[in-house]
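So the chains spell out like this:
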Amino acid sequence: MPKRSAKGLPLAFILSLVFVLILGGCLGAAMGATLNIIRTENFTEFKSDLPSKLYDIKGRLITEFFAEEKRNPVPLRDLPPSLVGAFLTREDKTFYSHRGFSLKSFARAFIGRIIGRNLGGGSTITQQVAGDIYADRHEITLRRKLIELWWSLQVERRYSKQEILEMYLNRTVMGSGGVYGVEAASQYLFGHPAKDCSPAESAIITVQLSSPTLYNPFKNPTNAKARSKVLLDKMVSRGVVEGKEADASFKEYWDNFDYTRVASSAYFMREDKAPWFSEYVRRELENLLYGSLDLYSDGLSVYTTLDLDQQAAADTYMKRGIERANASYQRASSQRLTEAETSYTPLVELLGMAFNLTPLAVSSSKGEAQAYQYYQSKLNPSIDVLALLFGINDLKLLSNAGTVKIQTDLEKTTVEGSLVTIDNETGYITALIGGSNYSSANQLIRATQSKIMPGSTFKPLYYSAAIDSKKITEGTMIYDAPTIFYSADGTPYIPTNFKGEWKGTVLAWRALASSMNVPSVKILETVGFDQAIQRAAALLGITDPEEIRRTFPRVYPLGLGVISVTPLKMTRAFSVFANGGKAVTPISIRYVEDRNGNTILEPEKDAQKALEKMGSSIQIVSSQNAAVMTDMLQRVTASGTLAGWGTALKQTGPDGVSYTIPLAGKTGTTVNWADAWTVGFSPYYTTAIWFGFDMPGNSLGVEQTGATIAGPIWADFMRDIHKGLPYKAFPGAQSGLVNVKVCAVSGLLPTEFCKDGLVDLLYLDGTQPVASCNIHTDEGLATNNLLNIITGQNQGAQQGKAQSGSQGTSGGTLVPNLDSTIKIDLP
């Protein structure tokens, strides 16, 4: 007899009833959820992560920003059959016949779990899509499987098989470093769209599902090759691809495989037409974005100031310049070492043997150094390739250690370079180069981050203050001769000129054009540190008092640019002259839109409003001062250190009429030839170019100066970016300027005896000369009069004024320091 309850009902019946009620409740809840799903389709309303896109000034795509998830959705119809077949072969052979799950696969995976062996996954492609959206697939529990199973049924109900497969191929992780979907994987692994994948490449993408690290062909090519071959053979057996086609594609891929390529994240492998600029913008956006906005997943559209045409020219010329600078440096270094080995090593060895001084036995150390160099340059790269080819991990660790050492040495001995261009009126950064090759190991944007000694390119900044002081004019005569300057604490400073040459009497414009150091320091001494620093800080856009104090030392080497400043700030300073003395704010981002086209940021408008709030202080220097400085810097390109480049922008208009857009600029070379600069501008653009080392203490060599390596690159680049532009003159002043023809030697009004040439100079009204030349009063007395002026015998009164920093309005003279020994090259 069956056991009954107190009321006579069988216990089994009661238990069955309870089970039915519970099951019914669960099914009712599930049906209710299903009905709600049918009404709202909420399981599909997830926000897909989209990369943000950067556009240049003409609306052309520069690059995309994404973080861990790099997605490039592609329609299923655009994918080759071999690629789709590879995934079906490996992941779900019965995809088109099941209804979202496979009991056979589930049972296989369950048994494998029990016996501790990998017998294959238990999830169908539909389950993987459902789990990716609604479950944590890192969780290995029965609960997760049930959730995944439930949602897979809903996905199958809602979508067609083609739609499910398309979602799967566009959402699944398929590469290390955040590569999601077949399109992103193909671009990362092969550099081409997924539609162009061969059968072998399809197999390589598919095996990334097992382990994007273990089967990454750039990290473990041996593993990737073997695993993909197994899958390719299965594809052949299932009729996905013909055997001959599979073998041919496999052979072609691995015969041409680049074993030297390293595995970088997808971010660094992305297509980027201006990586240095993009990185600069990325950092700017991270400071600008607010709230929940995410640059890497919100699908923002960032409209920038970059001109891809100018950027392409910058890439070409800077690559050429950096290569040439490194080649020249290597030649000079090799020559110095050769001279040392042939001339000094034998002598040192002889002394070591004669006096038994072991440390002087340099031959053995030289051999070690040569062997080490050979290992670094020849053996280590080969070892690295062999380690990858044969999967020898210990050998790979050894080669990695050698690579790190090589990288450290490169920082000390590799010439780097930077370029930055801004529009003088708008402040748009139209081109930017931060170094040689942008990569995960080289992200220092030298154009905006590196604080470098500007050398003689700094001189125009305090020359501007000197012009406004009216103690110095373009025609002020200065003596270029060895001179001792004493700082406030009595420390002497003796500047020298390039190659130790002295020119004797020169006019101020010539001192700047030829980059003479002693006359420039005399001008700094005349104008004083306070005015010089105040003007330089204003031009560079440095407003914080503490930063000004740190940046500008109150010592005479300041006159030779012994400070630290970024190339972008130097570009801004020169652009103020080109903009008629008005402030320029460099910007890289115009505005930003969200994925729906709504404008959420407008940095350009913000910058414009900030300039408007400056009121009259927007005029950093007067238009008259800007005109005089522009005139002086034009003379640099006409007859100074940039001589010959002043006509670089000569072109012919549509009407057949030739014209030349004017250029102005300044070169700079720092102590020990460590840095080489050229900063210059046209009425349209200002560009700064720098070459040097990341780590101080090295020399480019005496043949590499601002004029020889930076100057030609600057001129070529400026020529290219001005092609097709109409003629435009530098902005002038409505009044307050006077152009005067003066004696090229004395800077005074010419006499009939001024046969050494005349020159037209630009003066602030009231500072032009009124006296006649006192050197060429008579041909026979020229030399005597000049010597009298030099020794102060003829103008003792003026000597006192010059030493105290005064300057008359008749051209005037800065008398040399009489404590020094003077050697003058007579005119």
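Rules used in this analysis
- Residues numbered from 1 in each chain as written.
- Predicted model: local features only at pLDDT ≥ 70, side-chain atom pairs only at ≥ 80, totals over all residues.
- Heavy atoms only, no water.
- Helix = DSSP H or I, 4+ residues; strand = E, 2+ residues; numbered from the N terminus.
- Buried < 20%, exposed > 50% of the residue type's maximum accessible area, 1.4 Å probe, protein only.
- Areas by Shrake-Rupley, 256 points an atom, 1.4 Å probe, with all protein chains shown as cover.
- Pairing = 2+ DSSP bridges.
- Core = buried A, V, L, I, M, F, W, Y, C linked by side-chain atoms within 4.5 Å.
- Contact = heavy atoms within 4.5 Å.
- Axes fitted to C-alpha atoms, helices over the stretch in contact; angles between N-to-C directions.
- Parallel < 35°, antiparallel > 145°, perpendicular 65-115°, else oblique.
- Left-handed = near helix turned anticlockwise from the far one by under 90°.
- Nonpolar A, V, L, I, M, F, W, Y, C, P; charged D, E, K, R; others polar.
- Patch = residues over 30% accessible without salt bridge, like charges linked within 9 Å, V, L, I, M, F, W, Y side chains within 5 Å.
- Salt bridge = Lys/Arg side-chain N within 4 Å of Asp/Glu carboxyl O.
- Lys, Arg positive; Asp, Glu negative; His and termini not counted.
- Charge placed at Lys NZ, Arg CZ, Asp CG, Glu CD.
- Expected span 1.5 Å × (residues − 1).
- Polar contact = N/O pair within 3.5 Å; in protein donor to acceptor, adjacent residues only side chain to side chain.
- Phe/Tyr/Trp six-rings, centres within 6.5 Å; stacked < 30°, edge-to-face > 60°.
- Lys NZ or Arg CZ within 6 Å of the ring centre and 35° of its normal.
- pLDDT = per-residue confidence, 0-100.

All right, on to the overall build of the chain then. From N to C terminus, the chain includes 26 helices and 22 strands. A total of 827 residues make up the chain; the buried ones form 49% of that total. Of the roughly 39100 Å² of accessible surface on the chain, a fraction of 56% belongs to carbon and sulfur atoms.

By the bridge criterion, 4 bridges tie strand β1 (residues 52-55) to strand β2 (residues 61-65) in an arrangement that is antiparallel. Within β2, the position partnered with Lys 53 by the bridge is Glu 64. Count of turn residues in the β1/β2 antiparallel hairpin: 5 residues, of which Gly 59 carries a positive phi of about 80°. For β1 and strand β6 (residues 301-304), the ladder comprises 3 bridges, and the chain directions are parallel. Bridge pairing in β6 links Tyr 55 to Tyr 303.

Formed by 137 residues in total, the largest nonpolar core has its most connected members in Leu 461, Phe 552, Phe 691 and Phe 717. Beyond its immediate sequence surroundings of up to four residues, Phe 552 is in contact with Phe 458, Ile 533, Ala 536, Ala 537, Leu 540, Ile 542, Leu 558 and Ile 563. By size, the runner-up hydrophobic cluster in this structure holds 48 residues, among which are Val 74, Leu 169, Leu 189 and Phe 257.

Okay, the packing of helix α7 (residues 182-190) against helix α8 (residues 199-207) next. α8 packs onto α7 with a crossing angle of 110° between their chain directions and a minimal axis gap of 10 Å. In terms of orientation, α7 lies roughly perpendicular with respect to α8. Viewed along their axes, α7 and α8 form a crossing whose handedness is right-handed. Counting all contacts with α7, which are made through Val 182, Ala 185, Ser 186, Leu 189 and Phe 190, the residues of α8 involved are Glu 201, Ile 204 and Ile 205. Among the residues making up the contact of α7 with α8, the classes are represented as 6 nonpolar, 1 polar and 1 charged.

Okay, a positive patch on the surface next. On the surface, a cluster of positive charge is made up of Lys 93, Arg 227, Lys 234 and Arg 238. Turning to its location among the elements, Arg 238 is positioned in the loop between α9 (221-237) and α10 (243-255).

Next up on the list: the sheet that holds strand β13 (residues 589-593). Taken together, 5 strands build an open sheet; the order of strands is β2-β1-β6-β13-β14 and the sheet is mixed. Lying at the two open borders of the sheet, with one neighbouring strand each, are β2 and β14 (599-601). Each strand axis lies, on average, 25° off the axis of its neighbour in the sheet, ignoring direction. With respect to the sheet, helix α12 (residues 275-288) is in contact with β1, β2, β6, β13 and β14, its orientation differing from that of β2 by roughly 50°. Together, β13 and β14 form the strand contacts of helix α22 (residues 603-613), whose direction differs from that of β13 by roughly 135°.

Attention now goes to helix α21 (residues 567-578). With 12 residues, α21 ought to run about 16 Å at 1.5 Å a step, and its terminal C-alpha atoms sit 17 Å apart, in line with that. Burial analysis of α21 places 11 of its 12 residues in the buried class, the great majority of the element. Inspection of α21 places Pro 567, Leu 568, Met 570, Thr 571, Arg 572, Ala 573, Phe 574, Ser 575, Val 576, Phe 577 and Ala 578 among the buried residues, and these make up the whole buried set. Downstream of α21 by a residue or two, Gly 580 has a phi angle that is positive, lying close to 70°.

Turning our attention to the side chain of Glu 183. Here Glu 183 shows up in helix α7. Buried charge Glu 183 goes without a salt bridge, the closest partner of opposite sign being Lys 195 at 8.1 Å. Polar side-chain contacts of Glu 183 include one of 3.0 Å to the backbone nitrogen of Ala 194. For Glu 183, the residues in contact, after removing those within four places along its chain, are Asn 72, Val 74, Pro 193 and Ala 194.

Running from N to C, α8 and α10 cross one another at 75°; their axes reach a closest spacing of 7 Å. Considered as vectors, α8 and α10 are oriented roughly perpendicular to each other. Residues Pro 199, Ala 200, Glu 201 and Ile 204 of α8 form the contact with α10, whose own contacting residues are Glu 245, Ser 249, Phe 250, Tyr 253 and Trp 254.

Each aromatic ring pair is specified by the distance between its two centres and by the angle formed by the two planes. Tallied over the full model, the rule gives 23 aromatic pairs. Seen from their ring centres, Tyr 253 and Trp 254 are 5.0 Å apart, and the 90° between their planes marks the pair as edge-to-face. An identical accessibility class is assigned to Tyr 253 and Trp 254; each is buried. Its end group placed over the ring of Phe 95, Lys 161 keeps NZ or CZ at 4.6 Å from the ring centre. Residue placement shows Lys 728 over the ring face of Tyr 684; its charged tip is 4.8 Å from the ring centre.

With that settled, the discussion passes to the sheet that holds strand β17 (residues 664-669). Picture the strands of a sheet paired through backbone hydrogen bonds; they go either parallel or antiparallel. Spatially, 5 strands are ordered β8-β7-β19-β18-β17 in an open sheet, and the strand pairing comes out antiparallel. Since the sheet does not close on itself, it has two edges, and those belong to β8 (429-433) and β17, each with one partner. Mean inter-strand twist for the sheet, computed between neighbouring axes without regard to direction, equals 5°. Bridging between strand β18 (residues 676-681) and strand β19 (residues 685-692) involves 6 bridges; their strand directions are antiparallel. Bridge pairing in β19 links Phe 681 to Thr 686. Docked against the sheet, helix α23 (residues 623-639) engages β17 and β18, running at close to 65° with respect to β17.

Glancing now at the side chain of Glu 91. As for its placement among the helices and strands, Glu 91 is situated in helix α2 (residues 81-91). Excluding residues within four positions of it along the chain, Glu 91 makes contact with Ser 123, Ile 125, Gln 128, Tyr 168 and Leu 209.

The next point concerns the environment of Asn 497. Along the polypeptide, Asn 497 turns up in the loop between β11 (492-493) and β12 (504-507). Residue classification places Asn 497 among the buried positions, given a relative accessible area of 9%. With 18 residues separating them in the primary sequence, Asn 497 and Ser 515 have C-alpha atoms 8.3 Å apart. Discounting residues that sit within four places of it in the chain, Asn 497 has contacts with Asp 480, Trp 502, Met 516, Asn 517 and Val 518.

Of the residues in the chain, 71% have a pLDDT of 70 or more, and the chain-wide mean is 80. Per-residue pLDDT stays below 50 along residues 30-46; that stretch engages in 28 contacts with residues further than four places along the chain or on separate chains. pLDDT under 50 marks residues 791-811. Its contacts with residues more than four places away, or in other chains, come to 40 contacts.

Here we come to helix α19 (residues 529-540). A rise of 1.5 Å per residue sets the reference length of α19, with its 12 residues, at 16 Å; its end C-alpha atoms lie 16 Å apart and thus fit the reference within 8%. Among the residues of α19, those classed as buried are Phe 529, Ala 532, Ile 533, Arg 535, Ala 536, Ala 537, Leu 539 and Leu 540. Buried residues belonging to α19 abut α16 (459-469), α18 (517-527), α20 (545-551), α21 and α23. Count one or two residues on from α19 and you reach Gly 541, which has phi positive near 80°.

The subject of this paragraph is the pattern of salt bridges. Evaluation of the coordinates by the stated rule reveals 28 salt bridges. Here Arg 60 and Asp 56 are joined by a salt bridge, their closest N and O atoms 2.8 Å apart. According to the relative accessible area criterion, Asp 56 is buried, its value standing at 0%. Put simply, Arg 282 and Glu 279 hold a salt bridge, and the shortest N to O gap is 2.6 Å. Of the two residues, Arg 282 and Glu 279 both sit in helix α12, 3 residues apart, roughly one turn of that helix. Ionic contacts of the salt-bridge type, sharing partners, join the residues Asp 56, Lys 58, Arg 60, Asp 307 and Asp 309 into one network.

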